[in-house]
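A look at the structure
Listed here are the chains, written in short residue letters.
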Amino acid sequence: MRRTHFAVLFLLISGLLFVASGQAPSKDRGVLSVLHAGQPVSLQDSGNGYVISVLKDGPEMLGHKVIEVFSDYIVIEDLAGVNQTRIPIYSIKSVLVTKLGAPR
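Please read all numbers here as calculations on a predicted model, not as lab measurements. (Residues numbered from 1 in each chain as written. Predicted model: local features only at pLDDT ≥ 70, side-chain atom pairs only at ≥ 80, totals over all residues. Heavy atoms only, no water.)

Side note on the side chain of Glu77
- Tracing the backbone through its elements, the reader meets Glu77 in strand E4 (residues 73-78).
- Despite its burial, Glu77 remains without a salt bridge, the nearest opposite charge being carried by Lys65 at 4.2 Å.
- Among the polar contacts made by the side chain of Glu77, one reaches the side chain of Gln84 at a distance of 3.2 Å.
- Sequence-distant contacts of Glu77, defined by excluding residues within four places in its chain, comprise Gly63, His64, Lys65, Ile67, Asn83 and Gln84. (Helix = DSSP H or I, 4+ residues; strand = E, 2+ residues; numbered from the N terminus. Buried < 20%, exposed > 50% of the residue type's maximum accessible area, 1.4 Å probe, protein only. Lys, Arg positive; Asp, Glu negative; His and termini not counted. Salt bridge = Lys/Arg side-chain N within 4 Å of Asp/Glu carboxyl O. Polar contact = N/O pair within 3.5 Å; in protein donor to acceptor, adjacent residues only side chain to side chain. Contact = heavy atoms within 4.5 Å.)

Points about the pairing of strand E2 (residues 50-56)
- By the bridge criterion, four bridges tie strand E1 (residues 40-45) to E2 in an arrangement that is antiparallel. Note on E2: the bridge partner recorded for Asp45 is Tyr50.
- Taking the residues that link successive antiparallel strands as the turn, the E1-E2 hairpin has four residues, and the phi of Gly47 there is positive, at about 95 degrees.
- Note that E2 and strand E6 (residues 92-99) share seven bridges and pair parallel. Residue pairing for E6: Tyr50 is matched across the bridge by Ile92. (Pairing = 2+ DSSP bridges.)

Some points on the nonpolar core
- With twelve residues, the main nonpolar core is built from Leu32, Leu35, Val41, Leu43, Ile52, Val54, Val66, Ile74, Ile76, Ile87, Ile92 and Val95.
- Secondary structure elements with two or more residues in this core: E1, E2, E4 and E6.
- Ignoring sequence-local partners within four residues, the contact set of Val66 consists of His36, Ala37, Gly38, Gln39, Val41, Ile74 and Val75. (Core = buried A, V, L, I, M, F, W, Y, C linked by side-chain atoms within 4.5 Å.)

Notes on a nonpolar patch on the surface
- Residues Phe6, Leu9, Leu12, Ile13 and Leu16 make up a contiguous nonpolar surface patch of about 520 Å² in total accessible area.
- On the secondary structure map, Leu9 appears in helix H1 (residues 2-21). (Patch = residues over 30% accessible without salt bridge, like charges linked within 9 Å, V, L, I, M, F, W, Y side chains within 5 Å. Areas by Shrake-Rupley, 256 points an atom, 1.4 Å probe, with all protein chains shown as cover.)

Notes on the side chain of Gln39
- Structurally, Gln39 is set in the loop between H1 and E1.
- Within polar-contact distance, the side chain of Gln39 engages the backbone nitrogen of His36 at 3.1 Å.
- For Gln39, the residues in contact, after removing those within four places along its chain, are Val34, Val54, His64, Lys65 and Val66.

A closer look at the environment of Ile74
- Within the fold, Ile74 resides in strand E4.
- Ile74 sits twelve residues away from Arg86 along the chain, and the two C-alpha atoms are 5.7 Å apart.
- Beyond its immediate stretch of four places on either side in the chain, Ile74 contacts Leu32, Leu35, Ile52, Val66, Glu68, Val69, Thr85, Arg86, Ile87 and Ile92.

So, in structure tokens, the structure goes:
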């Protein structure tokens, strides 16, 4: 009888772990969610924070390129590939997305 209880408990815990591990991670909705690795961006220091500009459907050469995006900082590299800048989230004033093309 005792073995049956342990077997049922083991199967129950295993099933719960299996179901919990199969859930999709929540999508990040922070200020950096519009940025991804390899994306060309423009970087401007406004004095009290950085303004990162993105041209949607625009030219591929904007002066900088996103290398990595984390929840608390971003890594940006210059066009020459010489300098990498790590910018913490508290130093980003805004992320500006400009859409080119005809309005819908």
